[in-house]
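Structural description and commentary
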Amino acid sequence: VEAMIIPVRCFTCNKTVGHMWRRYLEILETEGHEEGAEVLAFEELGLKRYCCRRMLLTHVDLIEKLMVYNTLEHAEMQDA
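The model shown is predicted, which means the values in this text are computed figures rather than measured ones.

Quick notes on the packing of aromatic side chains
Following the criterion strictly, the structure yields 2 aromatic pairs and no others. Consider the rings of Tyr24 and Phe42, whose centres lie 5.5 Å apart with planes at 10 degrees: the pair is stacked. You can see Tyr24 sitting in helix α1 (residues 21-31) and its partner Phe42 sitting in helix α2 (residues 37-45), a full 18 residues away along the chain. Residue Tyr24 shares its accessibility class with Phe42, and that shared class is buried. Aromatic rings pair up to connect Trp21, Tyr24 and Phe42 into one cluster.

Have a look at this one:
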């Protein structure tokens, strides 16, 4: 199971955007992070408002870094 923490809704207009995150990353991978790939991804996803685009464009997936500090997991590993 892949963990992620992406806001479910746009903070400004309340449109649901959380379900678009994986597709957004897939589009960026296929475009090879070329200049303008983000705009192409937004158009394909149907994101017209800049507030919704901001939600995907500025998101930083920190869950992997936060999992380092999961004390419960470390305790289970030491018990084994």
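Observations concerning the packing of α1 against α2
The contact between α1 and α2 brings their axes to 9 Å, and the two run at 135 degrees. Between α1 and α2, the angle is such that the two are oblique. Considering the relative orientation of α1 and α2, their crossing is right-handed. Across from Arg23, Tyr24, Ile27, Leu28 and Glu31 in α1, the residues of α2 making contact are Ala37, Glu38, Leu40, Ala41, Phe42, Glu44 and Leu45. For the contact of α1 with α2, the class distribution of residues is 8 nonpolar, no polar and 4 charged.

Considering a nonpolar patch on the surface
The grouping of Ile5, Val60, Leu62 and Leu66 at the surface amounts to a nonpolar patch, some 370 Å² of accessible area in total. With respect to the helices and strands, the residue Leu66 is situated in helix α4 (residues 63-67). We classify Leu66 as partly exposed; its relative accessible area is 48%.

Structural notes on the pattern of salt bridges
Counting across every chain of the model gives 2 salt bridges. With its nearest N and O atoms 3.3 Å apart, the salt bridge here joins Arg23 to Glu26. Taken together, the residues span about one helical turn, with Arg23 and Glu26 both in helix α1 at a distance of 3 residues. Notably, a salt bridge pairs Arg23 with Glu44, separated by 2.4 Å at the nearest N-O pair. Of the two residues, Arg23 is situated in helix α1 and Glu44 in helix α2; the sequence distance between them amounts to 21 residues. Relative accessible area serves as the criterion here: at 35%, Arg23 is assigned to the partly exposed category. What you see here is one network of salt bridges that share partners, running through Arg23, Glu26 and Glu44.

Rules and cut-offs
- Residues numbered from 1 in each chain as written.
- Predicted model: local features only at pLDDT ≥ 70, side-chain atom pairs only at ≥ 80, totals over all residues.
- Heavy atoms only, no water.
- Phe/Tyr/Trp six-rings, centres within 6.5 Å; stacked < 30°, edge-to-face > 60°.
- Helix = DSSP H or I, 4+ residues; strand = E, 2+ residues; numbered from the N terminus.
- Buried < 20%, exposed > 50% of the residue type's maximum accessible area, 1.4 Å probe, protein only.
- Axes fitted to C-alpha atoms, helices over the stretch in contact; angles between N-to-C directions.
- Parallel < 35°, antiparallel > 145°, perpendicular 65-115°, else oblique.
- Left-handed = near helix turned anticlockwise from the far one by under 90°.
- Contact = heavy atoms within 4.5 Å.
- Nonpolar A, V, L, I, M, F, W, Y, C, P; charged D, E, K, R; others polar.
- Patch = residues over 30% accessible without salt bridge, like charges linked within 9 Å, V, L, I, M, F, W, Y side chains within 5 Å.
- Areas by Shrake-Rupley, 256 points an atom, 1.4 Å probe, with all protein chains shown as cover.
- Salt bridge = Lys/Arg side-chain N within 4 Å of Asp/Glu carboxyl O.

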